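As a plain string of letters, each chain reads:
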Amino acid sequence: MILVTGATGNVGRELVKLLLDSGEEVGAVTRDPGSAAVPAGARVVGGDPSRPKTLTSALRDVEAVLLSPRAAGHGAAELLSLAGEHGARRVVLLSAVTVEYPAGEARFADAFKAAEDVVQGCGLDWTLLRCADFAANALAWAPQIRQAGVVRGAYGDAATSTVHERDIAAVAASALASPAHAGHIYVLTGPQSLTQRDKVRLIGEAIGTELSFQEISPQQVRQAMIAQGLPEEIPDRLLGSLAHYARRPGPSSDAVQQVLGRPALTFAQWAAGHATAFQN
């Protein structure tokens, strides 16, 4: 069985689907099994990855683990130790490009680097996926687009090669199922560097509506996010990275094509697939 932590997240849901479609047995970890929406066919595993002993009974048949640092937190080392004791052989980590290409506040990249160190020292075969910003992050714009057709944000010229969550999931599925990826570090990005303004325009094309990006100050963005009840960590992470990418675009790589044998999915394809989220 392949155990997926963060199974209800954007990448986790896609990964569970792909693994099931390929005939793998999948354990989808969730803290709330009663309300978790996971694909039919997956084994719902109730437990908290940050408290690994809650997952002990589910580890007996696990061959590989998808580790989401945000799900496992400080429990990552103990979780992988328990998994190894029960016979697991592989671990795939969702990390971030900022480990290799610094941007924003160092504390966020340091947290991913700490998770990488745990994985590389756990005794299992490991693969690290250093991901660019997710295309799915654009869903945060949906309320503004539905209401007014305008996205108000800071650093409209910040450019990144946003990666489709389906590509991350596909690379993860390959690495979880095969030992061929052991010891590899993949930088996963989309195929094209796009500014925030570009992404808003492409969403508009997907829904057949002309949209615009309205520049506001970083402080206005921070205040709006905190007013929505978000912890300060969220605007700190976002605005720090965007400020950097406004000065220098984020990295691009062809790792998705190398692993999957096909081009990485574009942001335009992502927008077309999620058009309904931006329509009234």
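Conventions adopted
- Here the residue index of a chain counts from 1 through its sequence in written order.
- Only residues with pLDDT of at least 70 are given local features in this predicted model, and only at 80 or more are side-chain atom pairs given and counted; all residues enter the totals for whole chains, interfaces and linings.
- Side-chain measures were taken over the full set of non-hydrogen atoms in the model, leaving aside hydrogen atoms and water.
- Numbering goes from the N terminus for both helices and strands, where a helix is a DSSP run of H or I of at least four residues and a strand is a run of E of at least two.
- Accessible area is worked out with a 1.4 Å probe on protein chains only. A residue is then buried under 20% of its type maximum, exposed over 50%, and partly exposed in between.
- The term polar contact refers here to a pair of N or O atoms within 3.5 Å; inside protein, the definition further demands a hydrogen-donor-capable atom paired with an acceptor-capable atom, and it admits residues adjacent in sequence only when both atoms are side-chain atoms.
- Contact criterion: two residues are considered in contact whenever any of their non-hydrogen atoms come within 4.5 Å of each other.
- Think of each axis as a best-fit line through the C-alpha atoms, taken over the contacting stretch in the case of a helix, with angles from 0 to 180 degrees between the N-to-C directions.
- For classification, angles of less than 35 degrees are called roughly parallel, those exceeding 145 degrees roughly antiparallel, those between 65 and 115 degrees roughly perpendicular, and all remaining angles oblique.
- Definitions for this section: a left-handed crossing has its near helix turned counterclockwise from the far helix by less than a right angle. A right-handed crossing has that turn clockwise.
- Here the nonpolar group is Ala, Val, Leu, Ile, Met, Phe, Trp, Tyr, Cys and Pro; Asp, Glu, Lys and Arg are the charged ones; every other residue, Gly included, is treated as polar.
- Geometry of aromatic contacts follows a simple scheme: Phe, Tyr and Trp rings, the Trp one being its six-membered ring, pair when their centres are within 6.5 Å, and the pair is stacked under 30 degrees between planes, edge-to-face over 60, tilted otherwise.
- By nonpolar core is meant a set of buried Ala, Val, Leu, Ile, Met, Phe, Trp, Tyr and Cys residues that side-chain atoms within 4.5 Å join together.

1. Let's talk about the side chain of aspartate 236
Right, so step 1: Position of aspartate 236 among the secondary structure elements: in helix H9 (residues 233-247).
Right, so step 2: Residue aspartate 236 is classed as buried on the basis of its relative accessible area, which comes to 14%.
Right, so step 3: A polar contact is formed between the side chain of aspartate 236 and the side chain of arginine 107, at a distance of 2.9 Å.
Right, so step 4: The contact partners of aspartate 236, leaving out residues within four places of it in the chain, are Glu105, Arg107, Phe108 and Arg222.

2. Considerations on the packing of helix H8 (residues 218-227) against H9
Right, so step 1: At a minimum axis separation of 9 Å, H8 and H9 run at an interaxial angle of 150°. The angle between H8 and H9 falls in the class roughly antiparallel. With respect to the hand of their crossing, H8 and H9 are arranged in right-handed fashion. Contacts between H8 and H9 involve Pro218, Val221, Arg222, Met225 and Ile226 from the first element and Ile234, Pro235, Asp236, Leu238 and Leu239 from the second.
Right, so step 2: The class makeup of the residues in the contact of H8 with H9 is eight nonpolar, no polar and two charged.

3. Details of the packing of aromatic side chains
Right, so step 1: A full pass over the atoms with the stated rule returns two aromatic pairs.
Right, so step 2: Seen from their ring centres, tryptophan 270 and phenylalanine 278 are 6.1 Å apart, and the 70° between their planes marks the pair as edge-to-face.
Right, so step 3: Judged by relative accessible area, which is 0%, tryptophan 270 ranks as buried.
Right, so step 4: Classification of phenylalanine 278 as buried rests on a relative accessible area of 2%.
Right, so step 5: One aromatic cluster is present, built from ring pairs that chain together Phe267, Trp270 and Phe278.

4. Observations regarding the environment of proline 249
Right, so step 1: On the secondary structure map, proline 249 appears in the loop between H9 and helix H10 (255-260).
Right, so step 2: Residue class for proline 249 comes out partly exposed when judged on its relative accessible area of 48%.
Right, so step 3: Each C-alpha atom, one on proline 249 and one on threonine 160, is 5.6 Å from the other, the two residues being 89 residues apart in sequence.
Right, so step 4: When residues no more than four places from it in sequence are discounted, the contact partners of proline 249 are Ala159 and Ser193.

5. A short note on the nonpolar core
In globular proteins that are soluble, nonpolar side chains generally tend to be buried together.
Right, so step 1: Counting 39 residues, the largest nonpolar core has Val4, Leu15, Leu129 and Leu188 as the members making the most contacts within it.
Right, so step 2: With seven residues, the top contributor of residues to this core is helix H6 (residues 165-177).
Right, so step 3: When residues no more than four places from it in sequence are discounted, the contact partners of leucine 188 are Val97, Leu129, Arg130, Cys131, Ala132, Val163, Ile168, Val171, Ser253, Ala255 and Val256.
Right, so step 4: Core analysis: the next-biggest nonpolar cluster, separate from the first, contains 24 residues, Met1, Ala115, Val119 and Leu124 among them.

6. Section: unusual backbone geometry
Right, so step 1: One non-glycine residue, tyrosine 155, lies in the positive phi region at around 60°.
Right, so step 2: Note on placement: tyrosine 155 falls in the loop between strand E7 (150-153) and strand E8 (159-160).

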